[in-house]
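So you can see what is in the structure, the chains are spelled out below.
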Amino acid sequence: MSEKKKLIKELIQMQKKFMTVEKTSGIDFDNYYGARGDDGMAEYQSKYNELANRLVDIAHADKGSKR
């Protein structure tokens, strides 16, 4: 599996987990930006952004374009 497909798969899994947490207990500002504990949301935003940015970099490289 290509790196791009792996990133997409991981991002989708993260989104599904986020939606589950949001539906069951809700997400507020503190949960999203500064979550702590075992709810799986700790560092969610930074990890998601890191993966999404890597995916954008790959897409630009594939097309020979720049950010």
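Here goes a summary of the coordinates provided. (Residues numbered from 1 in each chain as written. Predicted model: local features only at pLDDT ≥ 70, side-chain atom pairs only at ≥ 80, totals over all residues. Heavy atoms only, no water.)

Notes on the packing of helix α1 (residues 3–25) against helix α3 (residues 44–63)
Argument step 1. Here α1 crosses α3 at 150°, and the two axes come no closer than 10 Å. The angle between the axes of α1 and α3 places the two elements in the roughly antiparallel class. Handedness of the crossing formed by α1 with α3: left-handed. Residues E3, K4, L7, I8, E10, L11, M14, Q15 and F18 of α1 lie in contact with α3, whose contacting residues are Y44, K47, Y48, L51, A52, R54, L55, I58 and D62. (Axes fitted to C-alpha atoms, helices over the stretch in contact; angles between N-to-C directions. Helix = DSSP H or I, 4+ residues; strand = E, 2+ residues; numbered from the N terminus. Parallel < 35°, antiparallel > 145°, perpendicular 65-115°, else oblique. Left-handed = near helix turned anticlockwise from the far one by under 90°. Contact = heavy atoms within 4.5 Å.)

Thoughts on the environment of A52
Argument step 1. Mapped onto the secondary structure, A52 falls in helix α3.
Argument step 2. Considering only alpha carbons, one finds A52 and L11, 41 residues apart in sequence, at a separation of 7.4 Å.

A word on the packing of aromatic side chains
Argument step 1. If you walk through the whole model with that rule in mind, you get 2 aromatic pairs.
Argument step 2. Arranged with centres 5.7 Å apart and planes meeting at 20°, the rings of Y44 and Y48 form a pair that is stacked. Within this pair, Y44 and its partner Y48 are both found in helix α3, separated by 4 residues, close to a single helical turn. The same class applies to Y44 as to Y48, namely buried.
Argument step 3. Through successive ring pairs, a cluster of aromatic residues spans F18, Y44 and Y48. (Phe/Tyr/Trp six-rings, centres within 6.5 Å; stacked < 30°, edge-to-face > 60°. Buried < 20%, exposed > 50% of the residue type's maximum accessible area, 1.4 Å probe, protein only.)

Read these as spatial facts, not as claims about activity.
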